[in-house]
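Structural characterization, general
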Amino acid sequence: MNKIVKLALVLFAVSAIVAGVLGVVNELTYPVIDAQKQAKTAAAFASVLQADRFDLIDFSNPDFPTVQTVHKAEGVGYVVTSTFSGAQGNITLAVGVDNDFKCTGISVIEHSETSGLGANAASTGEVGVNFRKQFVGQDESIALSNAGGSIDALTGATITSRAITEAVATSILAVESLS
Amino acid sequence: MNRKKQFTEGLITNNPVLVQQIGMCATMAITTTLFNGIGMGLSVLIILTCCNVVISAIRKIIPGEIRLAIFVVVIAGFVTIVDMLLKAFVPALSEALGVFIPLIVVNCIIIGRAEAFCQKMPVKDSFFDGIFQGLGYTCVLIAMCVVRELLGSGRFGGGLIDVANGFRFTLDGTGAGIQIFPESYGASIMTLPFGGFLTLGLLIAAMQYALKKAEDKKAKKAEEKKEAEK
């Protein structure tokens, strides 16, 4: 019995020390990580819609479960962020929508798609830029070319491409539901 | 303990990936660009060295029955610290490696070295063991990255080297690398897990061949010496 108590105490002590150290490191790194996340989101917003400021507006519509936030840029349009499942995991996407309900650009904020295939949707390379460019000017009837639309899917990443296309349509519909 | 022997063991004769064949999962998954490979290699090197030192330092007070639990707690602690530091200061790398940084917790290299080496050896030896084994791991990652990146996307040093405005190193992962042939000619299958298996398999085969040859040579020499003595 004594032995078990001793074992438990040693394990507890080691865990407590490690937890303490982690707490300190977290305290030090959290502000930096948070600032980076915000800067990244701000950069994503700026790349999808040209506006000086974005104001978070209240959006809670049960018809759009994937929509996370909607920001309004006065007189210019909206930026919708949504999280939905891609081929490997969740994708978080920012979609710019102007006042005519046309997409002004998309930016992938977070994803875990296959490197070299689905990950191209977020890449800064030619493939990624050309893929994202196709969404500019589209309305809510957007679809992949194999479904009668005009968006060419990424090679070998149909699921990712379809998920993103659907998310763009959802985002536009979400903005339409506001008016 | 002989440092030189430890060095050759870590890098060649007892290389963690090519000879001990541990830590293969991350090796296959992340070796698509040089940036990833070096980042992952250095992360493992740092974590391995820290864990080796701490585990070796507390080896006498750890009860044998719960040593594995304690190893895992210590390893998880260091991995989380490195994960947080990377997220804060090298976010591009943290993003590129994704889940494979937290997964270092279950990387057998670290628990393997703790179990096989550090729990019996003094702190100093464990420290060098961490450095050399980590270097061995990093070298394998770099070799795989170079092969897969070249064949898969025709590039060298993606994320790490920028040649657009003169030659410079980019630590934020923005460098496009040196394009050796157009990306569209690359066999993109090499950047997928399949390419990882293929490259790793061939590397292991080459290593085993080289080791076997060196051994044969040694045996032959010993035999000749014996003959001469007769």
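Fair warning: this is a prediction, and the values are worked out from it, not measured in the lab. Each residue is numbered by its place in its chain's sequence as written, counting from 1. All chains are assigned letters beginning with A, and all ligands numbers beginning with 1, in the order in which they are written. Side-chain atom pairs in this predicted model are given and counted only at pLDDT of 80 or more, local residue features only at pLDDT of at least 70, and totals for whole chains, interfaces and linings cover all residues.

1. A short note on the overall build of chain B
Rules: For the purposes of this entry, the term helix denotes a DSSP run of H or I that reaches at least four residues, the term strand denotes a run of E that reaches at least two, and both are numbered from the N terminus. Burial in this document is a count-based property: other C-beta atoms within 10 Å of a residue's C-beta are tallied, and the residue is buried at 20 or more, exposed at 12 or fewer, or partly exposed in between, with C-beta positions derived from the backbone. Throughout, a residue-residue contact means that the two C-beta atoms, derived from backbone geometry, are no farther apart than 7 Å.
When its secondary structure is counted, chain B shows eight helices and four strands. Along chain B, helices and strands appear, N-terminal first, in the series α-α-α-α-α-α-α-β-β-β-β-α. Dimensions along the principal axes, computed over C-alpha positions, put chain B at roughly 60 × 50 × 30 Å. Out of the 230 residues belonging to chain B, those deemed buried represent 39%. Considering only residue pairs separated by 6 or more positions, chain B has 77% of its internal contacts joining residues 24 or more positions apart.

2. Considerations on the overall build of chain A
Rules: Only C-alpha atoms enter the radius of gyration; for comparison, a globular chain is expected to reach 2.2 Å times N to the power 0.38, where N is the number of residues.
Of the regular secondary structure elements, chain A holds three helices and five strands. Going residue by residue from the N terminus, the α and β elements of chain A occur as α-β-β-β-β-β-α-α. For 179 residues, the compact-globule formula gives about 16 Å, and the C-alpha radius of gyration of chain A, at 21 Å, lies well above that figure. By its C-alpha atoms, chain A is 75 × 40 × 35 Å across when sized along the principal axes. With 179 residues in all, chain A has 36% of them scored as buried.

3. Notes on the pairing of strand β3 (residues 77-85) of chain A
Looking along a regular strand, one sees side chains alternate from face to face of the sheet. All names here are of chain A. Defined as follows: At least two bridges found by DSSP between two strands are what make those strands a pair.
As defined by bridge partners, strand β2 (residues 67-73) adjoins β3 across six bridges and the pair is classed as antiparallel. Bridging across to β3, Thr-69 finds its partner in Thr-81. Joining the antiparallel neighbours β2 and β3 is a turn of three residues, in which Gly-75 adopts a positive phi near 80°. Relative to strand β4 (residues 90-98), β3 is paired through nine bridges, and the arrangement is antiparallel. In the strand pairing of β4, Phe-84 is matched with Ile-91.

4. Observations regarding the interface of chain B and chain A
Convention followed: By the convention adopted, Pro, Cys, Tyr, Trp, Phe, Met, Ile, Leu, Val and Ala count as nonpolar, Lys, Arg, Asp and Glu as charged, and the other residues, Gly among them, as polar.
Contact with chain B, which involves 21 residues of that partner, is made by 17 residues of chain A. Per element, the largest residue contribution to the side of chain B that touches chain A is eleven residues, and it comes from helix α4 (residues 67-89) of chain B. Taken together, the residues of the side of chain B that touches chain A break down into twelve nonpolar, seven polar and two charged.

5. Side note on the packing of helix α1 (residues 2-48) of chain A against α4(B)
How we decide: Lines are fitted to the C-alpha atoms to define the axes, a helix being fitted only along its stretch in contact, and any angle between axes, read from their N-to-C directions, falls within 0 to 180 degrees. The scheme is simple: roughly parallel for angles under 35 degrees, roughly antiparallel for over 145, roughly perpendicular for 65 to 115, oblique for anything else.
At a minimum axis distance of 9 Å, the contact between α1(A) and α4(B) shows a crossing angle of 5°. Classified by the angle their axes make, α1(A) and α4(B) are roughly parallel. Contact residues: Leu11(A), Val14(A), Ser15(A), Val18(A), Val21(A), Leu22(A), Val25(A), Asn26(A), Thr29(A), Val32(A) and Ile33(A) in α1(A); Ala69(B), Ile70(B), Val73(B), Val74(B), Gly77(B), Thr80(B), Ile81(B), Met84(B), Leu85(B), Lys87(B) and Ala88(B) in α4(B).

6. Concerning the environment of Gly186(B)
Residues and elements named next belong to chain B. Inspection of the secondary structure assignment puts Gly-186 in the loop between β4 (178-179) and α8 (193-229). Residue Gly-186 is classed as buried on the basis of its C-beta count, with 20 C-beta atoms lying within 10 Å. Separated by 31 residues in the primary sequence, Gly-186 and Arg-155 place their C-alpha atoms 9.1 Å from one another. Dropping the residues within four chain positions of it, Gly-186 is found in contact with Leu-151, Gly-152, Ser-153 and Gly-154.

7. Some thoughts on the confidence of the model for chain A
Condition: For every residue, the pLDDT score states the predictor's confidence, bounded by 0 at the bottom and 100 at the top.
Of all residues in chain A, 100% attain a pLDDT of 70 or more, and the chain-wide mean is 89. Looking across chain A, the model is least confident in strand β1 (residues 55-57) of chain A, with a mean pLDDT of 87, and most confident in β3(A), with 92.

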